[in-house]
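Working through the structure, step by step
Listed below are the residues making up each chain.
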Amino acid sequence: MTRRSCAIYATGIVCAHLLIVGIALVVAQVFQTMIHSRLKKEITLTEKSQMFESWKNPPTPVYMEYYFFNVTNPKEFLEGKKASVKQVGPYTYREYRPRENVTFLENGTKAYALNPKSFVFVPEKSAGNPEVDVIWTVNIPYVAVMSELNSYSFFVRSMVSLYVSTLGIDVFMNRTVHEILWGFKDPLLSKIHKLKPDVDEYFGLMWKKNGTHEGEFVFHTGEQNYLDYGKIDTWNGLREMSWWSSNQSNMINGTDGAVFHPLINRNELLYIFAADLCRSIHLAYVEDVEVKGIQAYRFAPPNDVLMNPKENPTNAGFCVPAGECLGTGVLKVSVCREGAPIVVSFPHFYQADPVYINAIDGLSPNEEDHETYLDLEPTTGVPIRACKRAQLNIILKRIPGFPKTKLINETIFPIMFVNETATIDDDSASRMRTLLLIVTLVSNFPLLIVGLGIILLLVLVVLFCRNRQKKTAKDDTAYTQVSDKPDDLSEKPANQPMKNGSYIAMSPVEAQKC
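Since the model is a prediction, treat every value here as computed from it, not as a measurement.

Another point: helix 6 (residues 154-166). In a regular helix each residue adds 1.5 Å, so 13 residues correspond to 18 Å; helix 6 covers 19 Å between its end C-alpha atoms and thus fits that length. Considered for burial, the residues of helix 6 that qualify are Arg157, Ser158, Ser161 and Val164. For helix 6, the angular spread of the buried residues around the axis is 130 degrees, confining them to a single face. Exposed residues pointing more than 90 degrees away from the buried face of helix 6 are listed as Phe155, Leu162 and Thr166. Summarising the contacts, the buried residues of helix 6 are in contact with helix 5 (140-148) and helix 8 (187-195). Remark: Gly168 follows helix 6 within two positions and exhibits a positive phi of approximately 75 degrees.

Laid out in structure tokens, this is it:
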């Protein structure tokens with residue numbers, strides 16, 4: 001056997017083994033299963049996990065952008081005309097949210113933590129100075145008091161209305177952005193505080209929320225089941241709430257939005273418990289996106305999250321009292337706001353019934369600016385980019401006994417909305433790309449083996465063809481006739497002796513005479 005033949009046989013044997021092993025590994029998904037198993041063990045809320053430190057002290061900067069609706073015609077609205085508002089902002093604050101008092105429970109399967117949040121103003125990302133800019137907005141304390149007195153007698157309401165008028169308090173107030181956000185001493189609440197000391201005399205949308213937490217959380221670490229990674233077990237000691245009118249609506253589902261389980265697929269629904277909304281919401285897959293070179297799945301709340309119970313019966317539990325429901329796109333949260341007629345929605349009533357949008361001049365909802373979404377890297381479940389957008393509204397309507405409201409058309413009035421944004425920082429993005437490259441290479445290693453086998457197969461075919469051509473050429477040149485025309489024996493004389501013939505390397509020789 002020649003050296004060439006040995007090379008062909010060796011190439012064939014190696015090629016066959018590579019193809020067989022590679023195809024078997026691809027079909028069995030050995031490496032992919034191994035990587036997935038490793039991810040499930042590594043991505044947990046335990047001190048040995050690489051994810052723990054970023055969960056405890058998130059490196060990704062979070063910004064809170066506050067936008068306010070400045071009322072341009074408060075007097076006309078009180079006279080029965082349509083309100084007109086103008087959006088001002090953003091007033092941007094950097095949010096810091098470290099986990100504190102982290103304690104592991106039940107053999108490391110659960111983790112207790114507090115999540116205090118603090119805010120620092122960022123002038124370069126803001127449209128103005130919150131301590132200088134003044135806006136007209138609804139006097140929420142006064143409206144809340146009127147709503148609370150709605151169940152009292154007409155005489156009591158009239159007396160309170162008379163007294164409030166002497167204090168110079170009106171349905172709308174003129175305050176700085178800083179006061180509305182972080183608090184001011186309200187004249188009406190100060191009077192009530194003297195009668196009921198448990199009522200705070202200060203009011204602000206973010207009053208006592210700078211440096212405080214939203215409650216005590218216990219999370220699943222994911223040690224027992226990777227699908228439970230980061231899910232809330234209890235909030236303030238509760239596994240379900242008691243505000244709403246159905247068990248399903250009172251459920252505390254999902255995570256707090258900071259982490260999600262690995263190996264996310266496009267067909268699943270993701271759940272988030274939002275303490276500021278007093279409920280859990282779900283998000284559905286929208287599209288594939290790319291953030292800083294990282295492929296991600298975008299999830300967003302579908303239309304049915306705030307849909308009218310007539311169109312989505314599962315939302316009937318959010319009507320309190322049962323049966324008293326608002327339209328699509330708004331949620332009344334008075335039950336967890338001390339009875340104040342507060343309503344939440346998406347900014348500019350995005351995805352809401354047009355009746356709410358058309359009731360106010362100056363609103364223009366659109367997906368790009370007002371949709372809440374979450375971009376997740378599907379392999380690790382890490383949020384790459386997030387935009388949480390929510391709007392605070394209040395119900396304004398006629399209340400007998402308060403003459404200033406007698407001409408008001410009932411309206412869900414917008415106060416402000418917040419855009420909470422976070423995008424992965426460059427260092428974390430670089431580490432993520434490296435990790436995903438390693439995962440991709442290891443997961444696709446069987447395909448590399450199959451590819452190498454195919455390359456060797458092509459080499460084998462080339463070697464075999466070239467070997468066949470050389471052998472054919474050798475056989476053809478061993479005995480080759482000079483002329484392809486045979487001698488015509490009939491034309492030769494009878495007495496002429498026959499020649500031996502003409503061959504390569506042979507000379508014709510005539511018969512010798514003795």
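Anyway, onward from the coordinates.
Let us look at the layout of surface pockets. Here the second largest pocket defines a volume of roughly 610 Å³. Around the second largest pocket, the lining comprises 37 residues; the ones closest to its centre are Val320, Leu326, Lys332, Ser334 and Ile395. Listed by contribution, the elements that provide at least two residues to the lining of the second largest pocket are helix 5, strand 15 (330-332) and strand 19 (383-396). The biggest single contributor to the lining of the second largest pocket is helix 5, with 4 residues.

Now for the state of the cysteines. Per the stated rule, a full pass over the model turns up 2 disulfides. One disulfide bridge connects Cys278 with Cys336, the sulfur atoms lying 1.8 Å from each other. Measuring handedness by torsion sign, the sulfur bridge of Cys278 and Cys336 sits at about 90 degrees and is right-handed. Here the residue Cys278 occupies a position in the loop between strand 12 (270-274) and strand 13 (279-291), and Cys336 occupies one in the loop between strand 15 and strand 16 (342-345), the gap between them amounting to 58 residues. Here the two residues Cys278 and Cys336 agree in accessibility, since each one is buried. Shown here is the disulfide that connects Cys319 with Cys325, its sulfur atoms set 2.0 Å apart. On the S-S bond that ties Cys319 to Cys325, the torsion sits near 120 degrees, and the link is right-handed. Within the chain, bonded cysteines paired by disulfides and numbered along the sequence follow the pattern 1-4, 2-3.

Cut-offs applied
Residues numbered from 1 in each chain as written. Predicted model: local features only at pLDDT ≥ 70, side-chain atom pairs only at ≥ 80, totals over all residues. Heavy atoms only, no water. Helix = DSSP H or I, 4+ residues; strand = E, 2+ residues; numbered from the N terminus. Expected span 1.5 Å × (residues − 1). Buried < 20%, exposed > 50% of the residue type's maximum accessible area, 1.4 Å probe, protein only. Arc of directions from axis to C-beta. Contact = heavy atoms within 4.5 Å. 1 Å grid on protein atoms, 1.4 Å probe; cavity = no way out; pocket = protein on both sides within 12 Å on 5 of 7 lines; lining within 4 Å. Points joined across faces, edges and corners; volume = space filled by probe spheres on them. Disulfide = S-S within 2.5 Å.

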